Amino acid sequence: MTSIPRLGLYLQDMHVRDMVRYAQLAERHGFESAWVAESRLSRDAIVPMTAIATVTERIKVGAGVINTWTRNAALIAQTFATLDELADNRVMLGLGAWWDPLAWKVGIERKEPLQCMREYVEVIRRLLRMEEVNFEGKFVKARGIRLDVLHGKGQVPRNIPIYIGATGFKMMELAGEIADGVLLNYLVSPAYNDKALEHIEKGARRAGRRLEDVDRPQLIACSIDEDGEKAIKLAKKHVTMTLGQQPHIMKASGVSEDLIEEVQKAMGGWPAKPGGIERAMEIVPDDVVRMITASGTPTEVKAKIMEYMKHGCTAPLILLLSGDLEYAIKALSSV
């Protein structure tokens, strides 16, 4: 069994059969959970989750995350109740507010994402409790509906925790108020977590809860190799791209504004000009990579993961930036 508490695996940008294979390997090595991303128009989360649930017995299977715009609340409840029959109390539902410009490109105007999320969580939770729901919200309508399940688990309430994938502090407050947990983002520093916890706790207090009542799994970007310097070098491209794409998060993580400006200038703006990322990589210090990722030897990566846990992460979810995922799973389960 792994010595890192509640270690999980975050799967994206790979063939669905590889997702299944790695989830099985993670289960054999004592990982608690496997989460499937659904961020771009690459792969959906439901099909890989179903495949993983079919061939595993213990590992929890999470959507990390699906959005609140392309599936209505009743369909999400129906889908996850069905997955719960297959996975037998191992399913976790992660909801996110999606992102522009992709939403705009498919004709969705993301207005009032906080209100939309609040309505989705309320209606989905009530449907999973097998209630008959009447609800007239701005984004969600439910007019005398309930999950019509006659076989399998029938009308038994489903124990499916609902997580909100949050990067902005207002969404974190909402997660603290209404969700079972918040799925914290990656490529942030442990110091960023401290700010996040303040907002999650603020929301929890509004609902008469404590911070400890809100689960806080976190994506942790990892690059792992016996040669620690090689691992740092492999992670640097992803860090550089994030400096260009999400400067507000980098500032909140403690990266200097001067460095961010230098990186963006070297890139030629975003999207980066041809060769811009490679030019910008040359000016990103190794210390910045170490600050916002868990990169290095297996021992160094474990130490960084534990640092995130000291700063509020309750379940580290390994997102490998580059390298051999099988090696990473085995290495982290044995150190």
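Residues numbered from 1 in each chain as written. Predicted model: local features only at pLDDT ≥ 70, side-chain atom pairs only at ≥ 80, totals over all residues. Heavy atoms only, no water.

Asks: Residue-level account of the overall build of the chain, with values.
Replies: Helix and strand content of the chain: 14 helices and 12 strands. A compact globule built from 335 residues should have a C-alpha radius of gyration of about 20 Å, and the chain, at 20 Å, falls within 12% of that. Taken over the C-alpha atoms alone, the chain extends approximately 60 × 40 × 40 Å along its principal axes. The buried share among the 335 residues of the chain stands at 53%. Counting only contacts in the chain whose residues sit at least 6 apart along the sequence, the fraction spanning at least 24 positions is 72%. (Helix = DSSP H or I, 4+ residues; strand = E, 2+ residues; numbered from the N terminus. Rg over C-alpha atoms; globule rule 2.2 N^0.38 Å. Buried < 20%, exposed > 50% of the residue type's maximum accessible area, 1.4 Å probe, protein only. Contact = heavy atoms within 4.5 Å.)

Asks: Break down helix α2 (residues 46–55) for me, citing the residues and quoting the values.
Replies: Residues of α2 that are buried include every one of Ile46, Pro48, Met49, Ile52 and Ala53, and no others. Looking straight down α2, one finds that the buried residues subtend no more than 165 degrees of arc, so they occupy a single side. Away from its buried face, by an angle of more than 90 degrees, α2 presents the exposed residues Val47 and Thr54. (Arc of directions from axis to C-beta.)

Asks: Before we move on, can you summarise the packing of helix α5 (residues 113–128) against helix α6 (residues 169–178) with the specific residues and values?
Replies: The N-to-C vectors of α5 and α6 enclose an angle of 20 degrees; their axes lie 10 Å apart at closest approach. With respect to each other, α5 and α6 are oriented roughly parallel. For the pair α5 and α6, the crossing hand works out as right-handed. On the side of α5, the interface is formed by Pro113, Leu114, Met117, Arg118, Val121 and Arg125, while α6 contributes Lys170, Met171, Leu174, Glu177 and Ile178. (Axes fitted to C-alpha atoms, helices over the stretch in contact; angles between N-to-C directions. Parallel < 35°, antiparallel > 145°, perpendicular 65-115°, else oblique. Left-handed = near helix turned anticlockwise from the far one by under 90°.)

Asks: Give a description of the pattern of salt bridges that names residues and reports values.
Replies: One pass over the structure, following the stated rule, counts 29 salt bridges. A salt bridge links arginine 118 to glutamate 177; its shortest N-O distance comes to 3.0 Å. Within this pair, whereas arginine 118 is found in helix α5, its partner glutamate 177 is found in helix α6, the two being separated by 59 residues in sequence. Measuring nitrogen to oxygen at the nearest pair gives 2.9 Å for the salt bridge that ties glutamate 326 to lysine 330. Linking glutamate 326 with lysine 330, this pair stays in helix α14 (residues 325–332), spanning four residues, or about one helical turn. (Salt bridge = Lys/Arg side-chain N within 4 Å of Asp/Glu carboxyl O.)

Asks: Give a detailed account of the pairing of strand β1 (residues 8–11), specifying residues and quantitative values.
Replies: Residue alternation in β1 divides its side chains into two sets, Gly8 and Tyr10 and Leu9 and Leu11, and both sets are buried. By the bridge criterion, four bridges tie β1 to strand β2 (residues 33–36) in an arrangement that is parallel. Across the sheet, tyrosine 10 pairs through a bridge with tryptophan 35, a residue of β2. Considered for its hand, the β-α-β crossover made up of β1, helix α1 (residues 16–28) and β2 is right-handed. One ladder, built from two bridges, connects β1 with strand β12 (residues 315–322); its direction is parallel. When the bridges of β12 are listed, glycine 8 appears paired with leucine 317. (Pairing = 2+ DSSP bridges. Right-handed = clockwise from strand over helix to strand, strands pointing away.)

Asks: Describe the nonpolar core, with residues and values.
Replies: Formed by 122 residues in total, the largest nonpolar core has its most connected members in Phe80 and Ile124. Among the elements that line this core, the one with the most residues is α5, at eight residues. Not counting chain neighbours up to four residues away, the residues in contact with isoleucine 124 comprise Ala73, Ile76, Ala77, Leu93, Leu95 and Ile162. (Core = buried A, V, L, I, M, F, W, Y, C linked by side-chain atoms within 4.5 Å.)

Asks: Can you tell me about the side chain of glutamate 27, naming the residues and giving the values?
Replies: Considering the arrangement of structural elements, one finds glutamate 27 in helix α1. With no salt bridge to any partner, buried glutamate 27 finds its closest opposite charge in arginine 90, at an N-O distance of 4.7 Å. Sequence-distant contacts of glutamate 27, defined by excluding residues within four places in its chain, comprise Thr56, Glu57, Arg58 and Ile59. (Lys, Arg positive; Asp, Glu negative; His and termini not counted.)

Asks: Mind laying out unusual backbone geometry, listing which residues take part and the relevant values?
Replies: Each neighbour pair has its own omega, and for glycine 64 with valine 65 the value is 5 degrees, a cis peptide bond. Note on placement: valine 65 falls in the loop between β3 (60–63) and β4 (66–67). Residue proline 271 is reached from tryptophan 270 by a cis peptide bond, and omega for that bond is 0 degrees. Even without a glycine there, the phi angle at arginine 6 is positive, about 55 degrees. Among the structural elements, arginine 6 can be located in the segment before β1. Classification of arginine 6 as partly exposed rests on a relative accessible area of 31%. Positioned with a positive phi, methionine 130 is a non-glycine residue whose angle comes to about 70 degrees. Within the secondary structure, methionine 130 is located in the loop between α5 and β6 (133–136). Among the residues examined, methionine 130 registers a relative accessible area of 5% and is labelled buried.

These results come straight from atomic positions and should not be treated as a statement about function.
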